[in-house]
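If you want the building blocks of each chain, they are given just below.
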Amino acid sequence: MRAVTQSAPGGVETLSVSDLPDPVPGPGEVLVDVAATAVNRADLLQRQGFYPPPPGASEVMGLECSGTIAAVGEGVEVWSVGDEVCALLAGGGYASKVVVPVGQVMPVPQGIDLVTAAALPEVACTVWSNVFMVAGLRPDEVFLVHGGGGGIGTFAIQLAAATGARVFTTAGTEGKRQRCVELGAERAIDYREEDFVEVVRAATDGRGADVVLDNMGAKYLARNVDVLADEGRLVVIGMQGGSKAELNLGALLAKRGAVIATALRSRPLDGKARICASVVEHVWPLVADGSIVPVVSATLPLAEVAEAHRLVESSESVGKVLLTP
Ligand SMILES: NC(=O)c1ccc[n+]([C@@H]2O[C@H](COP(=O)([O-])OP(=O)(O)OC[C@H]3O[C@@H](n4cnc5c(N)ncnc54)[C@H](OP(=O)(O)O)[C@@H]3O)[C@@H](O)[C@H]2O)c1
């Protein structure tokens, strides 16, 4: 197979495409002929040597893919050769073939083409599991997602809005803020010029946000606790603003609030399988009926992986950047 390999941890110049032996599906696994994969922010950290693959995962980058089943391992009955699928991966997506545990294989949502389907698994599983399965966002609640123009943000806005919640978001450029409003945000906040705590409080008669999905970590911790409504839930999934900060437990306790931090990649197989099954049941119908559209800003050939990483790193892209082998 063709796959992206790396000479040493570092910048985009360390990435190239090489031939590697085809992976072989073991019991409970399938082999997928990859139609497309997507660049995730975690891949940038992996490239720099800061986010090694979990034990047993492929050394090749790539946390999601779409494609066609090429072979099935022992005991796999739900999928057959030729089925079109998309999948959540612990690694290995930047390649023409990848092996996937069967619990992480999902059908392509109705009406979505095979290449575009690669934009969905990571954002759908992350947003659904954190905002709904963990934080339990309800239709009458207020939701704040930071980084609304990113892959996670563009999906979170649409999913929360589709379920009836009021959605607020932060974004760094006017173009991204406009897109966020088109996708269903009631208000997109300029995080450089405005204070998101003040804006959300003012728009909600002082109530604040019931659920916050955060990509910034340390930098936003104090203000995220500030913006929480009574019984609010802050879910931290990214540390773009650092990992260590002081938490005012008094402020959290007074609100009966919760701070939760999660990672999808390192979850056990059965946990990932539960999330994928729940996404297929609850989220795919909203994609199929057009309530949620995949947001893709660029699709590049695998050989242009360096440019794809540069695009995501620069935050110029809106939504996802895809790679096709
Ligand atoms: N824990 C997990 O399981 C998990 C799973 C998937 C993703 N993640 C994390 O979730 C985060 C988002 O992922 P992604 O794939 O959506 O990445 P992405 O597409 O690169 O989006 C990140 C966004 O953050 C915005 N941003 C930068 N500085 C900001 C600030 N100070 N305030 C608000 N927004 C800011 C960027 O754009 P602008 O500055 O132009 O607005 C960009 O749109 C990443 O940190 C990623 O590692 C975690």
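From a predicted model like this one, the values you see are computed outputs, not experimental measurements.

Thresholds, definitions, all that
- Residues numbered from 1 in each chain as written.
- Predicted model: local features only at pLDDT ≥ 70, side-chain atom pairs only at ≥ 80, totals over all residues.
- Heavy atoms only, no water.
- Helix = DSSP H or I, 4+ residues; strand = E, 2+ residues; numbered from the N terminus.
- Rg over C-alpha atoms; globule rule 2.2 N^0.38 Å.
- Contact = heavy atoms within 4.5 Å.
- Areas by Shrake-Rupley, 256 points an atom, 1.4 Å probe, with all protein chains shown as cover.
- Lys, Arg positive; Asp, Glu negative; His and termini not counted.
- Charge placed at Lys NZ, Arg CZ, Asp CG, Glu CD.
- 1 Å grid on protein atoms, 1.4 Å probe; cavity = no way out; pocket = protein on both sides within 12 Å on 5 of 7 lines; lining within 4 Å.
- Points joined across faces, edges and corners; volume = space filled by probe spheres on them.
- Nonpolar A, V, L, I, M, F, W, Y, C, P; charged D, E, K, R; others polar.
- Salt bridge = Lys/Arg side-chain N within 4 Å of Asp/Glu carboxyl O.
- Buried < 20%, exposed > 50% of the residue type's maximum accessible area, 1.4 Å probe, protein only.
- Domains from an automatic or database assignment.
- Polar contact = N/O pair within 3.5 Å; in protein donor to acceptor, adjacent residues only side chain to side chain.
- Core = buried A, V, L, I, M, F, W, Y, C linked by side-chain atoms within 4.5 Å.

A. Looking closely at the overall build of the protein. Helices and strands together make up the secondary structure of the protein, namely 10 helices and 15 strands. The C-alpha radius of gyration of the protein comes to 19 Å, within 12% of the 20 Å expected for a compact globule of 325 residues. Its C-alpha atoms give the protein principal-axis dimensions of roughly 60 × 40 × 35 Å. Residue pairs in contact within the protein that sit at least 24 positions apart in sequence constitute 67% of those at least 6 positions apart. Total accessible area on the protein stands at roughly 13500 Å², and carbon and sulfur atoms take up 53% of it. Within the protein, the 38 negative side-chain charges are centred at a point lying 6 Å from the centre of the 25 positive side-chain charges.

B. Broad picture of the layout of surface pockets. In this model, the second largest pocket occupies a volume close to 430 Å³. The element contributing the most residues to the lining of the second largest pocket is strand 6 (residues 97-101), with four residues. Looking at the lining of the second largest pocket residue by residue, the classes come out as 12 nonpolar, seven polar and five charged.

C. Main features of the pattern of salt bridges. Inspection of the entire model under this criterion finds 16 salt bridges. Glu316 is paired through a salt bridge with Arg310; the nearest N and O atoms lie 3.6 Å apart. Taking relative accessible area as the criterion, Arg310 reaches 34% and is therefore assigned partly exposed. The network of salt bridges with common partners includes Arg138, Asp140, Glu141 and Arg233.

D. Unusual backbone geometry, seen in detail. The phi dihedral of Arg256 falls on the positive side, at around 50 degrees, and the residue is not glycine. Positive phi is not limited to glycine here, since Ser315 has a value of about 60 degrees. Residue position: Ser315 is located in the loop between helix 10 (305-314) and strand 15 (320-324).

E. Spatial organisation of the domain arrangement of the protein. Domain annotation of the protein identifies domain 1 (2-119 + 267-324) and domain 2 (124-261). The interface of domain 1 with domain 2 comprises 22 residues on the first partner and 17 residues on the second. Taken together, domain 1 and domain 2 are joined by zero salt bridges. Across the domain 1-domain 2 interface, the total number found is four residue pairs in polar contact (both at pLDDT 80 or more). A per-element tally of the side of domain 1 that touches domain 2 places helix 8 (residues 269-282) first, with six residues. Class assignment of the residues belonging to the side of domain 1 that touches domain 2 gives a composition of 12 nonpolar, six polar and four charged.

F. Region of the structure containing the nonpolar core. The biggest cluster of nonpolar side chains holds 45 residues, and the ones touching the most others in it are Phe143, Phe155, Leu159, Val279, Val283 and Trp284. Every element with two or more residues in this core is listed here: strand 5 (84-88), helix 2 (121-134), strand 8 (142-145), helix 3 (151-162), strand 9 (166-171), strand 11 (209-214), helix 8 and helix 9 (284-288). At seven residues, the largest contribution of residues to this core is made by helix 2. Among the domains, domain 1 (2-119 + 267-324) and domain 2 (124-261) are the pair contributing at least three residues each to this core. Once you skip the residues sitting within four places of it in the chain, Leu159 turns out to touch Val127, Trp128, Phe132, Val283, Leu286 and Ile292.

G. Quick look at empty space enclosed by the protein. Under the defined criterion, the tally for this structure stands at one cavity of 30 Å³ or more. Computed from the structure, the largest cavity encloses a volume of approximately 50 Å³. Residue lining of the largest cavity: Ala119, Leu120, Val123, Gly151, Thr154, Phe155, Gln158, Val293, Pro294, Val295 and Lys320, and that is the complete set. If you tally residues by element for the lining of the largest cavity, the top one is helix 3, at four residues. Among the residues forming the lining of the largest cavity, the class breakdown is seven nonpolar, three polar and one charged. Mapped onto the domain boundaries, the lining of the largest cavity takes at least three residues apiece from domain 1 (2-119 + 267-324) and domain 2 (124-261).

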